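Now for the letters of each chain:
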Amino acid sequence: MKRLILLTAFLGLAGTTLAEAQTVKPEKMLVVYYSLSGNTKAVAEHIRKATGAATFEIKTQKAYPEDNRELLAISKKEIENKDYPALQGMPGNLDKYDVIFVGTPNWYSTMAPAVNTFFENGKIADKIVIPFVTHGGGGMAKCEKDMQAACPKAKFLKGIAIDGSNAPEAEKSVRKWLKEIGMME
């Protein structure tokens, strides 16, 4: 009961009541994610399966190198310089969605650069944004805070961080989180 009261208070501060969150129809929800290794994609699929939401995978125009050292060097430079990669495309008609789940791996304690590009190009100021993050031990870090800074006019609900090695089996944890934030009964 205490959790429900706190959740209701949080949602009220975010401008969305628990009842409003629970009445969002699946066709009004979109799961947008960037996944290099497949972990974030696995969590996105758990969300899609539980909510019925549409999905969109963020893909960069230029692929990252397979060599981990090269990948780390490039991504670190992109993050430090705020030089985000071009995307192959954006989801069509973002206007029709009320809720957008945004998924990213935790890279250097923040979201992947491609997700920054999504926020720069997407018109989601009037949306409810719900972060989800996969990580190798760093948890949420600054990902949620950085998403809020990238889209300050959006309403944010509490995100979830899933250890990447557990992502394929995280359906139960994802469903529990979705119930807590009012996106699933």
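You'll find the structure just up there.
## Let's talk about the pattern of salt bridges
And step 1. Taken as a whole, this structure holds 3 salt bridges when the rule is applied.
And step 2. Across the pair Arg 175 and Glu 171 runs a salt bridge, and its minimum N-O distance is 3.5 Å. Within this pair, Arg 175 and its partner Glu 171 are both found in helix 7 (residues 171-180), separated by 4 residues, close to a single helical turn.
And step 3. Looking at Arg 175, the relative accessible area reads 29%, which means it is partly exposed.
And step 4. Members of the salt-bridge network, linked through shared partners, are Lys 49, Glu 171 and Arg 175.

## Concerning the environment of Ala 53
And step 1. With respect to the helices and strands, the residue Ala 53 is situated in the loop between helix 3 (39-51) and strand 2 (54-57).
And step 2. When near neighbours in sequence (up to four residues on either side) are disregarded, Ala 53 contacts Pro 26, Met 29, Leu 30, Val 31 and Arg 48.

## A word on the nonpolar core
Nonpolar side chains in soluble globular proteins generally cluster together in the buried interior.
And step 1. Core analysis: the largest hydrophobic core is formed by 26 residues, its most contacted members being Phe 101, Ile 130, Phe 132, Trp 177, Leu 178 and Met 183.
And step 2. Every element with two or more residues in this core is listed here: strand 1 (29-33), helix 3, strand 3 (99-107), strand 5 (128-135), strand 7 (160-163) and helix 7.
And step 3. Here the element with the most residues in this core is helix 3; it accounts for 5 residues.

What counts, and where the lines are drawn
All residue numbers refer to positions counted from 1 along the written sequence of the respective chain. For a predicted model such as this one, the threshold for reporting local features is a pLDDT of at least 70, and the threshold for listing and counting side-chain atom pairs is 80 or more; totals across whole chains, interfaces and linings nevertheless cover every residue. To obtain the side-chain values, all non-hydrogen atoms of the structure were included, while hydrogens and water were left out. One speaks of a salt bridge when a side-chain nitrogen belonging to Lys or Arg is within 4 Å of a carboxyl oxygen belonging to Asp or Glu. Helix and strand labels come from DSSP, where a helix needs a run of H or I of at least four residues and a strand needs a run of E of at least two; each type is numbered from the N terminus. Throughout this description, buried means an accessible area under 20% of the type-specific maximum (1.4 Å probe, protein chains only), exposed means over 50%, and partly exposed covers the range between. Residue contacts are defined here by distance: any two heavy atoms, one from each residue, within 4.5 Å place the two residues in contact. Within this scheme, the nonpolar core is defined by two criteria: the residues are buried Ala, Val, Leu, Ile, Met, Phe, Trp, Tyr or Cys, and they are joined through side-chain atoms within 4.5 Å.

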